[in-house]
Amino acid sequence: MQANGASQERPSELSCRNGAQNGETTAAAEEVSNGLPSSPVASNNNSANNSVRNNNNGVAVAEDTSESGCGSPQLDVCATGKKKKRLSQCEEDVIRLIGQHLHDMGLNQTVDLLMQESGCRLEHASATKFRSHVMEGEWDKAESDLNELKALMHSPSAIVRMKFLLLQQKYLEFLEDGKVLEALQVLRAELTPLKYNTERIHILSGYLMCSHAEDLRAKADWEGKGAASRTKLLDKLQTYLPPSVMLPPRRLQTLLKQAVELQRERCLYHNTKLVSGLDSVPLLLDHTCSRKQFPCYTQQILTEHCNEVWFCKFSNDGSKLATGSKDTTVIVWQVDMESHSLKMLKTLEGHAYGVSYLSWSPDDLYLIACGPDDCSELWLWNVQTGELRTKMSQSHEDSLTSVSWNPDGKRFVTGGQRGQFYQCDLDGNLLDSWEGVRVQCLWCLNDGRTVLASDTHQRIRGYNFEDLTDRNIVQEDHPIMSFTVSKNGRLALLNVATQGVHLWDLQDRVLLRKYQGVTQGFYTIHSCFGGHNEDFIASGSEDHKVYVWHRRSELPIAELTGHTRTVNCVSWNPAVPGLLASASDDGTVRIWGPAPFMDLPDAEGLSVECCNMDS
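Just so we're clear, the structure is a prediction, and the values are computed from it rather than from any experiment.

Further remarks concern the overall build of the chain. If you tally the helices and strands in the chain, you get 10 helices and 32 strands. Within the span of the chain, comprising 615 residues, buried residues form 51% of the whole. Per element, the accessible surface of the chain, about 28,800 Å² overall, is 49% carbon and sulfur.

So, in structure tokens, the structure goes:
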């Protein structure tokens, strides 16, 4: 695997040395890249085409000076005199990766043995010398090494950038040592003539005014003179060198992390935070998640409502669940964050037309309840006290069926299909209004200015109450019954009449996916994003099921059964990725979670083990 755009082909002088065709030759022990002396090996001077050199781990190997730079095209002779197969490019790369990892662990003798037996070298000799000079702070020698490395680079023009980085480190170290005149000389006579990144040079010149070393390190965001900053410098310098010359730092760990992350991304049931390090990750087995760990199982059935349940919504901190019903009540449930069980906390009564929509304030202090189409009122409740703060109605002819909070928590917007679209304060006072917009669903974006509204023209438009501008964002061919927006404001999830669930990119204004399986007619069904990093999508359905998809897969990964009538709404707990709620016309709210016992058999027709996105 290559990095930094390097070619797969290597110059012959950089190839793995597997020993000379006619044996190996004795060489004097020299200092090596990992600081260990080399070990002598048996001599044999039978071939005039072989010259002696030391590899970067102190192992004397015979260097073929013939045109090909190699011995036999298929077989080489190892130190024991036995013929062995020449290593492939992939095998060379693996050995170098292992060698680098062992070297980073301090197992230098093991590295020497590995390189000796394989005939490989960890990096080019010029790169080893360059590394040594950088780490020792021998800047003139390191700058001279760049001339040797220039011939090995795919982009020789990068030498200027590398030289700039070297001189910058040299300049900062002079300043830290109090050698202001020497630092000034580097700035004027070495950095400035490069005519590269003049803006950075101006910033560097300002460091001359630093009164002490701590001030310099803070302003320059620099670790100071020593191994830490020089290692960081080497990491930057390596990006300009082909990996055949110098391996990228910690390359094996990088590849392992990428492999683990890819497996997790392709895992349909992975629903936990990704661990950035490898310490807690088993590398000897492929990553698998079981469906039993996913919220596919009924953990609790809430039966306190005595009629159809039209809406459910977890609070922003995940500690409460609010459910609204045709029975004119809102029930607030307390979520036990350890056992994930729910118990009834409060009942909010008096919604004459029933409750078809609920919205929590950003701080979860207030809850707004809206009714169905013929309801002209909305209720703003203080959840902590259970008291009604505001009962708002602008006109008996209004239809206030949807609401959304401004991110500041001091305002909200509400509207309905009869052409009302209001912005109000917490006391229900009208702040602004937009005439003639028949609203089906509303959402305030994080910028605090833009309100998205789906209307009866099968579209979603963005409205700005500050400058009174509006623009079209989404256009569908069928009525948009409801929609919700991801936390980052980038994606919108639409329930479209007779079509199902659609995912839109609001920034690019394109339809990304049409999720399959759900039955969506002209009932208002509310879907949601959920799970860790909002990787999943869930929706109710008129066929009495809850459907769950991975966001990148149009086929459902789970179909949850148990309700006996249309499932009107689903809500995923934002704090507990394994907790999902669904509200149904059967009068119940179901709480879904992982299997209570890991030996519970899986539902018929659903695989236990994790599948990937390609299956």
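Tracing the backbone through its elements, the reader meets Thr 484 in strand β22 (residues 480–485). A relative accessible area of 11% places Thr 484 in the buried class. Those residues in contact with Thr 484 that lie beyond four places of it in its chain are Trp 443, Leu 491, Ala 492, Leu 493, Ser 527, Cys 528 and Phe 529.

The next subject is the pattern of salt bridges. Across all of its chains, the model carries 22 salt bridges by this definition. A salt bridge links Arg 230 to Glu 173, with the shortest nitrogen-to-oxygen separation between them at 2.8 Å. Of the two residues, Arg 230 sits in helix α9 (residues 227–238) while Glu 173 sits in helix α5 (residues 158–176), which places them 57 residues apart along the sequence. Per residue, the accessibility class of Arg 230 equals that of Glu 173, and both read buried. Arg 217 serves as the salt-bridge partner of Glu 214, at 3.6 Å between the closest nitrogen and oxygen. Here Glu 214 pairs with Arg 217, and both are found in helix α8 (residues 213–220), just 3 residues apart, close to one helical turn.

The calculated volume of the largest pocket comes to roughly 1,100 Å³. If you go around the largest pocket, you meet 48 residues; those closest to its centre are Lys 313, Asn 316, Trp 443, Val 485 and Lys 487. A class-by-class count of the residues in the lining of the largest pocket yields 23 nonpolar, 20 polar and 5 charged.

This part takes up the environment of Thr 561. Inspection of the secondary structure puts Thr 561 in the loop between β29 (558–560) and β30 (567–572). The contacts of Thr 561, once residues within four sequence positions are left out, are Lys 545 and Trp 592.

As a further point, take the state of the cysteines. On inspection of all chains with the given rule, the structure shows 0 disulfides. Lacking any disulfide linkage, Cys 375 is separated from the closest cysteine sulfur, that of Cys 370, by 7.6 Å. A residue is classified by how much of its surface remains accessible, and Cys 375, at 0% relative accessible area, is buried.

Turning to the sheet that holds strand β14 (residues 402–405), a few remarks are in order. In space, the 4 strands of this open sheet follow the order β14-β15-β16-β17, with antiparallel pairing throughout. Among the strands making up the open sheet, the edge pair consists of β14 and β17 (430–433). Strand after strand, the sheet turns through a mean of 25 degrees between neighbouring axes, direction not considered. One ladder, built from 4 bridges, connects β14 with strand β15 (residues 411–415); its direction is antiparallel. Note on β15: the bridge partner recorded for Ser 402 is Gly 415.

Let's shift gears to the pairing of strand β18 (residues 439–444). With 5 of its 6 residues buried, β18 lies for the most part within the structure. When β18 meets strand β19 (residues 450–455), the two strands line up antiparallel, connected through 5 bridges. What sits directly across from Leu 442, in β19, is Ala 453.

Before going further, it helps to examine the packing of aromatic side chains. Applying the stated criterion across every chain yields a total of 13 aromatic pairs. Consider the rings of Trp 434 and Phe 465, whose centres lie 5.7 Å apart with planes at 85 degrees: the pair is edge-to-face. In this pair, Trp 434 is assigned in the loop between β17 and β18 and Phe 465 in the loop between β20 (459–464) and β21 (469–475), connecting sequence segments 31 residues apart. Comparing Trp 434 with Phe 465 shows no difference in burial state: the two are buried.

What follows is about the sheet that holds strand β25 (residues 510–515). Here 4 strands make up an open sheet; going across it, the order is β22-β23-β24-β25 and the pairing antiparallel. For this open sheet the edge positions go to β22 and β25, each flanked by a neighbour on one side alone. Within the sheet, the average angular offset between the axes of one strand and its neighbour, ignoring direction, is 25 degrees.

Right, let's talk about helix α6 (residues 180–191) for a bit. Residues Ala 183, Val 186, Leu 187 and Leu 191 constitute the buried set of α6. In an axial view of α6, the angular spread of the buried residues amounts to 95 degrees, which keeps them on one side of the axis. Away from the buried face of α6 by more than 90 degrees, exposed residues Leu 181 and Arg 188 are located. The secondary structure elements touched by the buried residues of α6 are α5 and α7 (198–206).

In this section: the UniProt feature "repeat: WD" (unreviewed entry) in the chain. UniProt's entry tags residues 302–343, 348–379 and 560–592 with the feature "repeat: WD" (unreviewed entry), counted in the numbering of this structure. Annotated as 0% helix and 38% strand, the span residues 348–379 places its first and last C-alpha atoms 10 Å apart.

A rise of 1.5 Å per residue sets the reference length of α9, with its 12 residues, at 16 Å; its end C-alpha atoms lie 16 Å apart and thus fit the reference within 8%. Considered for burial, the residues of α9 that qualify are Ser 229, Arg 230, Leu 233, Leu 234, Leu 237 and Gln 238. Where α9 is buried, its residues touch α3 (125–135), α4 (139–150) and α5.

Leu 321, Leu 358, Leu 367, Ile 368, Phe 412 and Ile 591 are the most contacted members of the largest nonpolar core, which has 44 residues in total. One finds Cys 296, Val 548, Leu 580 and Ala 595 within the second-largest nonpolar core, a separate group that totals 21 residues.

Once that is clear, we can look at the packing of α5 against α7. In the contact formed by α5 and α7, the axes pass within 11 Å of each other and the chain directions differ by 10 degrees. For the element pair α5 / α7, the angle class is roughly parallel. Side by side, α5 and α7 meet where Phe 164, Gln 168, Tyr 171 and Leu 172 of the first sit next to Arg 200, Ile 201, Leu 204 and Ser 205 of the second. By residue class, the composition of the contact of α5 with α7 is 5 nonpolar, 2 polar and 1 charged.

For the rest of this paragraph, the subject is the confidence of the model for the chain. Chain-level statistics for the chain give a pLDDT mean of 83 and a share of 82% at 70 or above. Counted against residues more than four places away or in other chains, residues 1–79, with its pLDDT under 50, gives 185 contacts. Taken as a whole, residues 599–615 scores under 50 in pLDDT and shows 38 contacts with residues more than four places along the chain or in a different chain.

Reading the values: the criteria
Residues numbered from 1 in each chain as written. Predicted model: local features only at pLDDT ≥ 70, side-chain atom pairs only at ≥ 80, totals over all residues. Heavy atoms only, no water. Helix = DSSP H or I, 4+ residues; strand = E, 2+ residues; numbered from the N terminus. Buried < 20%, exposed > 50% of the residue type's maximum accessible area, 1.4 Å probe, protein only. Areas by Shrake-Rupley, 256 points an atom, 1.4 Å probe, with all protein chains shown as cover. Contact = heavy atoms within 4.5 Å. Salt bridge = Lys/Arg side-chain N within 4 Å of Asp/Glu carboxyl O. 1 Å grid on protein atoms, 1.4 Å probe; cavity = no way out; pocket = protein on both sides within 12 Å on 5 of 7 lines; lining within 4 Å. Points joined across faces, edges and corners; volume = space filled by probe spheres on them. Nonpolar A, V, L, I, M, F, W, Y, C, P; charged D, E, K, R; others polar. Disulfide = S-S within 2.5 Å. Pairing = 2+ DSSP bridges. Axes fitted to C-alpha atoms, helices over the stretch in contact; angles between N-to-C directions. Phe/Tyr/Trp six-rings, centres within 6.5 Å; stacked < 30°, edge-to-face > 60°. Arc of directions from axis to C-beta. UniProt positions renumbered as here; feature names shortened; annotations may be inferred. Expected span 1.5 Å × (residues − 1). Core = buried A, V, L, I, M, F, W, Y, C linked by side-chain atoms within 4.5 Å. Parallel < 35°, antiparallel > 145°, perpendicular 65-115°, else oblique. pLDDT = per-residue confidence, 0-100.

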